[in-house]
Amino acid sequence: MRRALPLLCALGACSQSAVTDAPLSLTSVQPSTASARGGTVLHVRGRGFAEGTRLFVQGVEVPVEAKDPEVLDAVLPPLAAGPADVRVEHEDEQATLAHALQVVPIPIGFAEVPDYLMPALPGPVWRLLATRAGLVAGGEWGVSVLAWKEGKLSAAPLKGLEPPEEGAAPRLLAAAASADGARLALCVEDETPLRWYVVDGDRLAGRGSTGALPGTCGALAVGAAAVYVRAATEAGPRLCVWHPGADPAVAESPAIAALDDWLAADADGDGGDDLVVAGRDGDELRTEIWNARSAAFVNEGALPARAARTRALVAADLDGDGDADVFAAGDGADALFVNDSHGRFADDAWRMLPFDRATGTGAASADFDRDGRPDLVVATPDGVDRLYLGGPEGFRDATPLLGLETGRGGRVAAALDVDGDGAADVATVTQTGALRVRLHVDPPEGTP
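As a starting point, this report considers the structure included with it. Given the structure is predicted, the values throughout are model-derived calculations rather than measurements.

**Quick notes on the sheet that holds strand S26 (residues 274-281)**
Item 1. Pairing in this open sheet of four strands is antiparallel, and the strands run S25-S26-S27-S28 from one edge to the other. The open sheet terminates on both sides in strands that have one partner only, identified here as strand S25 (258-265) and strand S28 (296-302). Strand-to-strand twist in this sheet, taken as the mean axis angle between neighbours without regard to direction, amounts to 30 degrees.
Item 2. Sheet topology places strand S27 (residues 284-293) next to S28; five bridges connect them, and they run antiparallel. The residue of S28 that forms the bridge with Glu288 is Ala302.

**Comments concerning the packing of aromatic side chains**
Item 1. Going through the model one piece at a time under the given rule, you end up with three aromatic pairs.
Item 2. Ring geometry for Phe110 against Phe368: centres 5.7 Å apart, planes inclined by 80 degrees, an arrangement best described as edge-to-face. Here Phe368 lies in the loop between strand S33 (362-366) and strand S34 (375-379) and Phe110 lies in strand S12 (residues 110-112), a separation of 258 residues in the sequence.
Item 3. An angle of 85 degrees between the planes, with centres 5.7 Å apart, marks the rings of Tyr228 and Phe297 as edge-to-face. Here Tyr228 is found in strand S22 (residues 227-233), whereas its partner Phe297 is found in strand S28, with 69 residues between them in sequence.
Item 4. Judged by its relative accessible area of 4%, Tyr228 is buried.
Item 5. The ring of Phe56 has Arg87 sitting right over it, with the charged end atom 4.3 Å from the ring centre.

**Quick look at the state of the cysteines**
Item 1. Per the counting criterion, the structure on display carries one disulfide.
Item 2. Two residues share a disulfide in this structure: Cys187 and Cys217, whose sulfurs sit 2.0 Å from each other. Taking the sign of the S-S torsion, about 80 degrees here, the bridge from Cys187 to Cys217 comes out right-handed. Pair noted here: Cys187 is in strand S18 (residues 183-188) and Cys217 is in strand S21 (residues 216-222), with a separation of 30 residues, a long-range link.

Cut-offs and rules
Residues numbered from 1 in each chain as written. Predicted model: local features only at pLDDT ≥ 70, side-chain atom pairs only at ≥ 80, totals over all residues. Heavy atoms only, no water. Pairing = 2+ DSSP bridges. Helix = DSSP H or I, 4+ residues; strand = E, 2+ residues; numbered from the N terminus. Axes fitted to C-alpha atoms, helices over the stretch in contact; angles between N-to-C directions. Phe/Tyr/Trp six-rings, centres within 6.5 Å; stacked < 30°, edge-to-face > 60°. Buried < 20%, exposed > 50% of the residue type's maximum accessible area, 1.4 Å probe, protein only. Lys NZ or Arg CZ within 6 Å of the ring centre and 35° of its normal. Disulfide = S-S within 2.5 Å.

Following this line, the structure appears as structure tokens:
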């Protein structure tokens, strides 16, 4: 027995019920192109639509309105650029139009949020993190979560992070977020130094905190399974591993005197956390992969040597082959370490990256044009921040799209959709701790 389907009268003033025995089918989709940003109203035509019919575009379910047995309307969410299949399902039936929709990349353009739309922060920002709940900014005065509300940025103190004493602010020592922005770890200067947060809907919810660490928290990395802490002790630096809900455990690790940057990623494809580490032992520059082995970290081998100091690392699939590659910025030319899917890396910067010797101290990755390939933004404190757009043959320099204003380059960078319009934006912090936010906007018509 086919289902009953509500039908609207032609004048929209009444309704009736009818029973259709038409099989579920698709005939056309209009329009045939849509922006990857989302927001396009899609008209899907076919037969047998009814209450409970589900619509999928690129495998993503899209809420629909059933107008009659032959038309569905839907507002598309942000999608990846490229051909898209459109599928409808109802009970045990389904129908598909392969490559019925062409999703086009988002044009690239940025506009800086003016001062009057920026929140008043109580002090300079030193750390900046992208989370699913919004932009998290912190410094010696505390930690704030920034969100876009009513056409401007608002800032609220991070709930659950109380100051150590009345009238004081919780001084932030270190902070890190997971690659997907779903988890956040913070070290603050009080008797319980390490806090753990998860994203609950659109807000960060407290998940617990550790007891005392064996030393002073100096750096954090957040992986899929644990939080990794670089602690300074009287006996030298120690690597601690914290699984939320347990006490931090000191792990054996390779020696490295000075840590410049690190992150957690699955470098060898075994499903576990590895640490990508950049640092110095005296005059020796080192970039290494440390693999977790029970309570010890084993050096899986050095990344290709860099002639200059590394100050910022990004792990992402930068060459489109499905594994984690590593971008390194710092003094001198940037590096791009391409993974062979087994944790062995080769520097392919000569082929894939624009050549630039400007010092980069922060970096972030996002798919700004939603073409399915990661792009890179590099914070450059002594010059202008750089933008590299990824493509099939590597990255092209699109720095002018971020603006060429000198003297306001960033020290750290984050990339996320600040205003919720389906396109990633850029946030940086200058040398003086000033926050800059550049929103991704469609460039004027005729812009090359």
